[in-house]
Amino acid sequence: MFKKEDYTSQYGSKEFWNEIYTKELEIFTDSDVTPKKDGVQKYIINWLLHQYKNNRDIHIIDLGCGAGAFLFDLAINGFGTLIGIDYSRNAVALTNSVIQKKSYDMYCIELDLTNVMECKRLGIFDIVHDKGTFDDISQRTENTKEMQRMYLKTVRNLMSKESIFIITSFCWTEDELVQLLSKQFVKDCKIPITGKFSKDINKLVTILVFRVK
Ligand SMILES: C[S@@+](CC[C@H](N)C(=O)[O-])C[C@H]1O[C@@H](n2cnc3c(N)ncnc32)[C@H](O)[C@@H]1O
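This is a predicted model, so every value here is computed, not measured.

**Notes on the overall build of the protein**
Next, step 1: When you go through the protein residue by residue, the secondary structure sums to nine helices and seven strands.
Next, step 2: For the protein, buried positions account for 47% of its 213 residues.
Next, step 3: By element, 51% of the accessible surface of the protein is carried by carbon and sulfur atoms, the whole surface being about 11400 Å².

**Thoughts on the packing of aromatic side chains**
Next, step 1: Tallied over the entire structure, the rule returns five aromatic pairs.
Next, step 2: On the numbers, 5.0 Å between centres and 80° between planes, the contact of F16 with W17 is edge-to-face.
Next, step 3: Among the aromatic side chains, those forming a connected cluster through ring pairs are F16, W17 and Y21.
Next, step 4: R56 extends its terminal NZ or CZ atom over the ring of F79, reaching a point 5.6 Å from the ring centre.

**Thoughts on the confidence of the model for the protein**
Low-pLDDT stretches of the model should not have their predicted coordinates read in fine detail.
Next, step 1: Chain-level pLDDT for the protein is 88 on average; 88% of the residues reach the 70-or-more range.
Next, step 2: This model gives residues 1-7 a pLDDT under 50, and the stretch forms 10 contacts once residues within four places in sequence are excluded.

**Structural notes on helix α2 (residues 41-51)**
Next, step 1: Every buried residue of α2 is listed here: Q41, Y43, I44, I45, W47, L48 and L49.
Next, step 2: Summarising the contacts, the buried residues of α2 are in contact with α3 (69-76), β4 (125-131), β5 (159-169), β6 (185-190) and β7 (206-212).

**Observations regarding the site of the ligand**
Next, step 1: Within the structure, the ligand sits among 17 residues, and Y21, G64, D86, K131 and D136 are positioned closest to it.
Next, step 2: D112 has a polar side-chain atom sitting 2.9 Å from a nitrogen atom of the ligand.
Next, step 3: At 3.4 Å from an oxygen atom of the ligand is found a side-chain nitrogen or oxygen belonging to T133.
Next, step 4: For the ligand, whose unbound accessible area comes to 600 Å², protein coverage reaches 87%.
Next, step 5: Of all the elements in the fold, those that place two or more residues in the shell around the ligand are α1 (14-30) and α6 (133-138).
Next, step 6: Looking at the shell around the ligand element by element, the count peaks at three residues for α6.

**Brief notes about the pattern of salt bridges**
Next, step 1: Tallied over the entire structure, the rule returns six salt bridges.
Next, step 2: Taking the shortest distance from any N to any O, the salt bridge between E146 and R149 comes out at 3.1 Å. In this pair, E146 and R149 are both assigned in helix α7 (residues 144-157), three residues apart and thus about one turn of the helix distant.
Next, step 3: Under the relative-accessibility criterion, E146 is labelled partly exposed at 33%.
Next, step 4: Assessed through its relative accessible area of 45%, R149 is described here as partly exposed.
Next, step 5: One salt bridge connects E174 with K187, and the closest N-O pair in it is separated by 2.5 Å.

**Examining the pairing of β7**
Next, step 1: Within β7, six of the seven residues are buried, which leaves it mostly tucked inside the rest of the structure.
Next, step 2: For β5 and β7, the ladder comprises five bridges, and the chain directions are antiparallel. Considered in β7, the bridge of S169 is made with T206.
Next, step 3: Two strands pair when backbone bridges link them, and β6 and β7 are joined in this way by five bridges, in the antiparallel orientation. Across the sheet, the residue bridging to K187 is F210, located in β7.

**Remarks on unusual backbone geometry**
Next, step 1: One non-glycine residue, T81, lies in positive phi territory at about 50°.
Next, step 2: Within the fold, T81 resides in the loop between α3 and β2 (82-86).
Next, step 3: For T81, a relative accessible area of 34% corresponds to the partly exposed category.
Next, step 4: Its identity is not glycine, yet S103 carries a phi of approximately 55°, on the positive side.
Next, step 5: Here S103 lies in the loop between α4 (89-102) and β3 (106-110).
Next, step 6: Look at S103 and you get exposed, because its relative accessible area is 63%.

Rules used in this analysis
Residues numbered from 1 in each chain as written. Predicted model: local features only at pLDDT ≥ 70, side-chain atom pairs only at ≥ 80, totals over all residues. Heavy atoms only, no water. Helix = DSSP H or I, 4+ residues; strand = E, 2+ residues; numbered from the N terminus. Buried < 20%, exposed > 50% of the residue type's maximum accessible area, 1.4 Å probe, protein only. Areas by Shrake-Rupley, 256 points an atom, 1.4 Å probe, with all protein chains shown as cover. Phe/Tyr/Trp six-rings, centres within 6.5 Å; stacked < 30°, edge-to-face > 60°. Lys NZ or Arg CZ within 6 Å of the ring centre and 35° of its normal. pLDDT = per-residue confidence, 0-100. Contact = heavy atoms within 4.5 Å. Near = heavy atom within 4 Å. Polar contact = N/O pair within 3.5 Å; in protein donor to acceptor, adjacent residues only side chain to side chain. Salt bridge = Lys/Arg side-chain N within 4 Å of Asp/Glu carboxyl O. Pairing = 2+ DSSP bridges.

Take a look at the structure:
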């Protein structure tokens, strides 16, 4: 029987992402610096704006930040102390190019999030954010379960009892995510996707907020 845990694809490889971001990096040098908007991201940003309306000076880390779109959106909306992590050298170069050109007060580091010891040195954050990165790790061709375990250990190490972990998944359902994270995390709430196409989109995307157990 087909099991999602056994599903693997090209998305789980560093080479794949390096290639994607190399192309973006090439385009970037010839274009103006306009952070890309992302359809799902706006629901998370709106939720955060509502939750943190009185204090946006919080520490946020974006795990697998890619080209930095989420971080730039946070900066534009007045959130402070922002860090992005990605293991793709080209993603980090791309993000840092925008940071430099826009003079954003944040930084982006090249790091493998399954390297638990290295990541522990990053410290503790109020918000740990993941959009598509746990999905990506779940689609690795080798050691998938072990890599998921190491990644979740990193997430746990970046959190205190007050921190939240916001995860957006395009491949796991709500029940599956709750189960996969159940050893160390407990579901706090779901960030709803609202609007005209919400019924269809909610079937494809899950955005959950977790706390440590
Ligand atoms: C699906 S993309 C999402 C990018 C970004 N979060 C977004 O929503 O646009 C997944 C990202 O996770 C990064 N990634 C995957 N596994 C990683 C790992 N073990 N350590 C650090 N970054 C990783 C990839 O390089 C890629 O940029």
